[in-house]
Amino acid sequence: MDNKVLATVDGVQITQSQVDSFIKRLDPQQAMQYQNEEGKKHILQELINQTLFLADAKATKLEESDEFKNEISKMKDMILTQLNVNNLMASVKIDDTEVKAHFETNKTKFSTPEKTDTSHILVDSEEECKEVHNKITSNEITFEDAAKAHSKCPSKEKGGNLGSYPKGQMVPEYEAVAFNMKKDEISEPVKTQFGYHIIRLNEKQESAEAKFEEVKEQAAKDLLGTKQKEEYMNKISHMRQTFKVEMA
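The notes below deal with the structure included here. Here the structure is a predicted model, which is why all the values come from computation and not from measurement.

Reading the values: rules and limits
- Residues numbered from 1 in each chain as written.
- Predicted model: local features only at pLDDT ≥ 70, side-chain atom pairs only at ≥ 80, totals over all residues.
- Heavy atoms only, no water.
- Helix = DSSP H or I, 4+ residues; strand = E, 2+ residues; numbered from the N terminus.
- Rg over C-alpha atoms; globule rule 2.2 N^0.38 Å.
- Buried < 20%, exposed > 50% of the residue type's maximum accessible area, 1.4 Å probe, protein only.
- Contact = heavy atoms within 4.5 Å.
- Areas by Shrake-Rupley, 256 points an atom, 1.4 Å probe, with all protein chains shown as cover.
- Lys, Arg positive; Asp, Glu negative; His and termini not counted.
- Charge placed at Lys NZ, Arg CZ, Asp CG, Glu CD.
- Pairing = 2+ DSSP bridges.
- Axes fitted to C-alpha atoms, helices over the stretch in contact; angles between N-to-C directions.
- Arc of directions from axis to C-beta.
- Core = buried A, V, L, I, M, F, W, Y, C linked by side-chain atoms within 4.5 Å.
- 1 Å grid on protein atoms, 1.4 Å probe; cavity = no way out; pocket = protein on both sides within 12 Å on 5 of 7 lines; lining within 4 Å.
- Points joined across faces, edges and corners; volume = space filled by probe spheres on them.
- Salt bridge = Lys/Arg side-chain N within 4 Å of Asp/Glu carboxyl O.
- Polar contact = N/O pair within 3.5 Å; in protein donor to acceptor, adjacent residues only side chain to side chain.

## Overview of the overall build of the protein chain
Regarding its fold elements, the protein chain presents ten helices and six strands. For 248 residues, the compact-globule estimate of 2.2 N^0.38 gives 18 Å, and the C-alpha radius of gyration of the protein chain, at 30 Å, exceeds that figure by more than 25%. Taken along its principal axes, the extent of the C-alpha atoms in the protein chain is 85 × 55 × 45 Å. The proportion of buried residues among the 248 residues of the protein chain is 28%. For the protein chain, long-range pairs separated by at least 24 residues make up 62% of all intrachain contacts whose partners lie at least 6 apart in sequence. As presented, the protein chain carries roughly 17,700 Å² of accessible surface, and 50% of it is formed by carbon and sulfur atoms. Between the averaged position of the 35 positive side-chain charges in the protein chain and that of its 44 negative side-chain charges there is a distance of 4 Å.

Rendered as structure tokens:
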């Protein structure tokens, strides 16, 4: 059970839920190390140690020290600041009419862009590129095997496959060819700043205009973020008029 008491330190109980919560707050990769019996025992010991430090701090009346009071004051200021920001963000409201208008104004932002899925072979010289190209087109070697044998791009381990991407991801010379090919077509050598490429188009996805009902939640989130940012900046402008700011 989550509330099972695992240890008691000077009257303070440490439960299973506290151990589980401690692990959840860790970085996911680090948390994996403690998702076993031994790991949880280690976390329990750490919680016991922290509780001992707390008990000792109370016994020595550390909370009456100026140092403690200064730290509490700092924390109070931080909490008040964040609470004020949170309240401001929560005050921003949107309705369906605003969301629909935001979608219509920014329709391209929510649409699916044109994408291509290509494989390529990258070599240093035009001569080598033509030689490899001839071997592929004459069926002397498959595109994938040619990539593994000749390409200097890490994608050679996947037969040259670069996956799917929209415009703007690749250099212009590459995209000018890739986005104007037919499926399974193999290009002539293409020169870019990286060398010479042989490109094969695996798939092409045409751009698709977004439908409001499909992206309503995304549009609402985008609009809310925009309005919250505007409200944040307006609040700062108002406060700068209200409270004196002096630069050193």
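Back to the text.
## Here's the deal with the sheet that holds strand 4 (residues 161-166)
If you trace the four strands from one edge of the open sheet to the other, you get 4-3-6-5, paired in antiparallel fashion. Of all strands in the sheet, those with a lone pairing partner are strand 4 and strand 5 (190-192), marking the two edges. Geometrically, the sheet is characterised by an average inter-axis angle of 45° between neighbouring strands, direction not taken into account. As judged from the nine bridges shared by strand 3 (residues 115-123) and strand 6 (residues 195-205), these two strands associate in the antiparallel manner. Its bridge partner being in strand 6, T116 is matched across the sheet by K204.

## Quick word on the environment of R25
Counting through the fold element by element, R25 comes out in the loop between helix 1 (16-24) and helix 2 (28-32). Using a relative accessible area of 63% as the deciding quantity, one classes R25 as exposed. The spatial distance from the C-alpha of R25 to the C-alpha of G168 is 38 Å, given a sequence separation of 143 residues.

## Quick notes on helix 1
Within the sequence span of helix 1, burial applies to Q16, V19, F22 and I23. Along the axis of helix 1, the buried residues cluster in a sector spanning 125°; they form a single face. Where helix 1 is buried, its residues contact strand 1 (5-9), strand 2 (12-15), helix 2 and helix 3 (37-59).

## Things to note about the nonpolar core
Formed by 13 residues in total, the largest nonpolar core has its most connected members in I14, V19, I23, I43, L44, L47 and I48. Elements with a minimum of two residues in this core: strand 1, helix 1 and helix 3. Discounting chain neighbours no more than four positions away, the residues touching I14 are K4, V5, L6, A7, V9, L44, L47, I48 and T51. Counting ten residues, the second largest nonpolar core, distinct from the first, contains C129, V132, A147 and I198.

## Concerning the pairing of strand 1
The pairing of strand 1 with strand 2 spans four bridges and is antiparallel. Following the sheet pairing, V9 is matched in strand 2 by V12. What sits between the antiparallel neighbours strand 1 and strand 2 is a turn of two residues, in which D10 has the positive phi angle 50°.

## Details of the layout of surface pockets
Empty space within the largest pocket amounts to approximately 170 Å³. Lining of the largest pocket is provided by T81, N84, V85, L88, Y232, K235, I236 and M239. When residues of the lining of the largest pocket are traced back to their parent elements, those giving at least two are helix 4 (66-90) and helix 10 (212-242).

## Observations concerning the pattern of salt bridges
Applying the stated rule across the entire model yields 15 salt bridges. In this structure, the salt-bridge partner of K41 is E37, at a minimum N-O distance of 3.7 Å. Of this pair, K41 and E37 both sit in helix 3, four residues apart, which is roughly one turn of the helix. In this structure K41 comes out as partly exposed when scored by relative accessible area, which is 43%. Look at E37 and you get exposed, because its relative accessible area is 58%. The salt bridge partner of E126 is K130, with a shortest N-O separation of 3.6 Å. Residue E126 and its partner K130 are both found in helix 7 (residues 126-137); the two are separated by four residues, about one turn of the helix.

## Section: the side chain of H120
Note on placement: H120 falls in strand 3. Here H120 falls in the buried class, since its relative accessible area comes to 4%. One polar contact links H120 to H197, side chain to side chain, over a distance of 3.0 Å. With near-sequence residues (within four places) excluded, H120 lies in contact with F143, A147, S151, C153, S155, G160, L162, Y174, H197, I198 and I199.

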